[in-house]
Amino acid sequence: MRKIRFDFNNMFGFSVGSTHGVADADIRSLKNGIARAHSHLRRVLAGKTNRVNLGLEWAMLPYQDPRTIQAIQRLGNEIAAKFDNVISLGIGGSYLGLKAAQDALAPAYYNEFPSGRKGRPRIYFEGNNLDPETLSVLLKNLDPKKTFVVVISKSGETTETKAAFLLVQRWLKRRVGARYGRQVVAVTDPSSGTLRSIVKAESAADPKSFRSLPLLKGVGGRYSEFNMGLLHLAVIGIDINEVLAGARSMARRCSSPGLFKNPAYLYAALAVIQYRRKRKPITILMPFSEGLKSTADWYCQLLAESTGKKFARKVVIKPSGLEQWVPDKSSVKNVGRTPIATRGTNDLHSVQQNNIEGENDKVVTFIRVEKFSHDLRIPRNAGFLSGKYYGRLLSLAQEATEWALVREKRPNCAIIMPEVSAFHWGELIYFFEMATACEGELLGINAFDQPGVEGYKNYMYYKLRKPGLPPDVAALIRQHPLRKKPSLVI
Ligand code: PA5
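A short tour of the structure in this document, coming up. (Residues numbered from 1 in each chain as written. Predicted model: local features only at pLDDT ≥ 70, side-chain atom pairs only at ≥ 80, totals over all residues. Heavy atoms only, no water.)

## So, the pattern of salt bridges
Note the cut-off: Salt bridges are counted wherever a side-chain nitrogen of Lys or Arg sits within 4 Å of a carboxyl oxygen of Asp or Glu. Helical segments are the DSSP runs of H or I of at least four residues, strand segments are the runs of E of at least two, and each set is numbered from the N terminus. When a residue's accessible area, from a 1.4 Å probe over protein chains only, is under 20% of the maximum for its type it is buried; when over 50% it is exposed; and in between it is partly exposed.
By the definition in use, this model includes 25 salt bridges. Salt-bridge contacts for Glu 323 lead to Arg 43; the nearest nitrogen and oxygen are separated by 3.0 Å. Residue Glu 323 is located in strand β9 (residues 323-335), and its partner Arg 43 is located in helix α2 (residues 24-46); the two are separated by 280 residues in the primary sequence. For Glu 323, a relative accessible area of 4% corresponds to the buried category. Its relative accessible area of 47% is what places Arg 43 among the partly exposed residues. Salt-bridge contacts for Arg 313 lead to Glu 441; the nearest nitrogen and oxygen are separated by 2.8 Å.

What follows is the structure, given as structure tokens:
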């Protein structure tokens, strides 16, 4: 089986010059940091309690019990056989991985054409915004009797998902009646949260109602595609085992201590050198594939929420030997590269102008696909394009973009996928997860929490008078109102 390959040539000085390229001395200076990151990650990953407490259980998801996978695949097939539509509710980590998987692995225009879907349901993602337009149109047009609902929220408390679920629940109940809960599966924490309480109450009254899949402890939303995303893969007819086999293959490669053998470590090391020493705070992910654009969106969340942090991480070793990570409030870091998702060739006629001639403050990561499942040949008598394959033109455009960047001394690298298959996509996702974990180690922050997200939530809760908001949080909001000068609203 061929594997994903990584081409890091254009990150180095011999390609893009010494001001913007990495030198051997840069690598040498980070070797100890990588060795420390490796031994720390391995130590944490070796023990289940540490893994779960610190949020690294995701690393074990490729090794799930085959019986669990079979049961999920069966449930997915059952939903697919009975329903025309699935509404999938969730946001952030409870949405982006699913969308990425569908766009990468299901046939293009999946919802539009039944032949591509092979009779499986159309999927509508909702609950990922509070914009009323899309959900209104959807609920006006779908037939509730032919629609299944999957509601995904690890916490079971997220406003966007909750609000959408309340509307969808009323819509289903009105048209389907008392047994509407048989058309709902909830994917949520096994014990806590409002969604879990609803599941318990509904399924106690009717065991076929509100079936649920537990989210595993110690797996954060953005690292959970191989947990919360599995039912969705099963519904759209993707072989989960293939995805997990790819992830396992990458997990093996990413367990090597050798910097030049471990793609996740090398990617993270070069990114941190570029960020810290070469002043490149922006990272642009540019798959040359329409289907992988959503994977770039998923990576944006993974990197931004994981590494964009205010405080350094303090590792406390408890008497039991277990670790605890706490924010070190005496060490303000405000670190994290800014990710931007683009796609070739579409964005060569857009942000690429800035990549080439704007500030030299970014690193571009391409994803190049070597073989497409469908290719097209341009008709003859069409000048220089005559008889050329679309896939070949796309690869050439990627190579040309690489050349144009190198000419302007802009560092870049390429991830080379033999094809966009379930196996290689599984490899890709695990690679990014491990690279992000390693980047977190090198930056000295906690890559598995997201305290910054609380600010907007608390403000909304305060304004909506949600019970239980801590008094100090309410006081902070009162003391710091938004200041608006009328003269500046024009
Ligand atoms: O990565 C994360 O933890 C977040 O992006 C969450 O996935 C997101 O906030 C949604 O949370 P929940 O699944 O609890 O509704």
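## Some thoughts on the site of the ligand
Formally: For each residue, the test is whether any non-hydrogen atom lies within 4 Å of the molecule or strand; if one does, the residue is near. Whenever two N or O atoms come within 3.5 Å, that pair is a polar contact, provided that in protein one can donate a hydrogen and the other can accept it, and provided that, for residues adjacent in sequence, both atoms are side-chain atoms. By the convention adopted, Pro, Cys, Tyr, Trp, Phe, Met, Ile, Leu, Val and Ala count as nonpolar, Lys, Arg, Asp and Glu as charged, and the other residues, Gly among them, as polar.
Surveying the vicinity of the ligand reveals 13 residues, the closest of which are Ser 94, Ser 153, Ser 155, Thr 158 and Gln 301. Ser 94 is positioned with one of its side-chain polar atoms (N or O) 2.7 Å from an oxygen atom of the ligand. Broken down by class, the residue content of the shell around the ligand amounts to 1 nonpolar, 9 polar and 3 charged.

## A few points about the packing of aromatic side chains
Here the distance between the centres and the angle between the planes together describe a pair of aromatic rings. Put simply, the test is: By convention, a stacked pair of Phe, Tyr or Trp rings (six-membered ring in the case of Trp) has centres within 6.5 Å and planes under 30 degrees apart, an edge-to-face pair has planes over 60 apart, and any other such pair is tilted. Two conditions define a charge located above a ring, namely a distance within 6 Å from the ring centre to NZ of Lys or CZ of Arg, and an angle within 35 degrees of the ring normal.
Summed over the entire model, instances satisfying the criterion amount to 19 aromatic pairs. Between the aromatic rings of Phe 6 and Phe 431, the centroid separation amounts to 4.6 Å while the plane-to-plane angle is 45 degrees, which identifies the pairing as tilted. With Phe 6 in strand β1 (residues 5-7) and Phe 431 in helix α17 (residues 422-443), this pair connects stretches of sequence that are 425 residues apart. Accessibility assignment for this pair places Phe 6 and Phe 431 in one class, buried. An angle of 55 degrees between the planes, with centres 5.8 Å apart, marks the rings of Trp 58 and Tyr 430 as tilted. A residue pair is termed long-range when its members are at least 10 positions apart, and Trp 58 in the loop between α3 (48-54) and α4 (66-82) and Tyr 430 in helix α17 qualify at 372 residues. For the pair Trp 58 and Tyr 430, a shared accessibility class is recorded, and that class is buried. Each residue in the set Phe 6, Phe 8, Tyr 267, Trp 298, Tyr 299, Phe 431 and Phe 432 is aromatic and connected to the rest through ring pairs, giving one cluster. The ring centre of Trp 325 lies 4.4 Å from the NZ or CZ of Arg 313, which sits over that ring.

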